[in-house]
Structures are given as C-alpha cells and as structure tokens.
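# Close look at the chain arrangement
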Amino acid sequence: RKPSHDPIVQVSGQLQFGEVAIGQTASRQMEISNPGDSTLHIHSIQCPEGFKPDWNSGDIAPGARQTVTIRFTPSSAQVYQGNIMAMCNATSGNHT
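Residues numbered from 1 in each chain as written. Predicted model: local features only at pLDDT ≥ 70, side-chain atom pairs only at ≥ 80, totals over all residues. Heavy atoms only, no water.

Before going further, it helps to spend a moment on the packing of aromatic side chains. Here the distance between the centres and the angle between the planes together describe a pair of aromatic rings. One pass over the structure, following the stated rule, counts four aromatic pairs. Measuring from centroid to centroid gives 5.4 Å for Phe17 and Phe72, while their planes differ by 55 degrees, and the two rings are tilted. Pair noted here: Phe17 is in the loop between strand 1 (8-13) and strand 2 (26-33) and Phe72 is in strand 6 (residues 65-72), with a separation of 55 residues, a long-range link. Judged on exposure class, the residue Phe17 and its partner Phe72 are both buried. (Phe/Tyr/Trp six-rings, centres within 6.5 Å; stacked < 30°, edge-to-face > 60°. Helix = DSSP H or I, 4+ residues; strand = E, 2+ residues; numbered from the N terminus. Buried < 20%, exposed > 50% of the residue type's maximum accessible area, 1.4 Å probe, protein only.)

Laid out in structure tokens, this is it:
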C-alpha cells in the first residue's frame, strides 16, 4: 500500500471558559497537530464572537504540532458558544 502523502488535522484542547466578567480576558490553550505525512497549511482559525486566537495561520510539518492560545473577552452579559475551526488543506481529521 502506498502512503497517502496527505496532511491530517487533529485539534484538541479544553476550551470551556466558565464565567468571565465583561471586559476581562480568560485564556485557554488548544493544540493543532499533523499526524499526516505532508505539510498541513492552516489558512485561518475561525472563532465565534468574543474569542480570538494568538496564532491564526501557518504551516505544521508532518508529525508536528502547534499550540494556540484562545483568548475570550466578553463584551456583554450573554451566553457565548460555538465552534473554533481550523481552516486548512487537510483531507481528513477533525477541524474543530
């Protein structure tokens, strides 16, 4: 069987922020890894309102990983939720 030569994206991390006061910032880390056998190109990291990554794009070599800090800064008293997605060239894996 020939190797696929495809990048694979794996996203992991505990991103539950709990209660954060309006205007304050809380940070959590997630990790994007590439267990594939070619370079993973991250084009962007899409976040819901109130969330912002400290690393938004770049390349992850085969077998490597990138730690990304997600900062949450609520602007009003409401429930914030949604998916954080790694937009990339991966042909398989989990993007959220």
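Moving on from the coordinates now.
Where side chains of opposite charge bring their charged atoms close, a pairing between them can arise. Applying the stated criterion across every chain, the model contains one salt bridge. Between Glu31 and Arg65 there is a salt bridge, with its nearest N and O atoms 2.7 Å apart. Here Glu31 is found in strand 2, whereas its partner Arg65 is found in strand 6, with 34 residues between them in sequence. Glu31 sits in the partly exposed class, given a relative accessible area of 22%. (Salt bridge = Lys/Arg side-chain N within 4 Å of Asp/Glu carboxyl O.)

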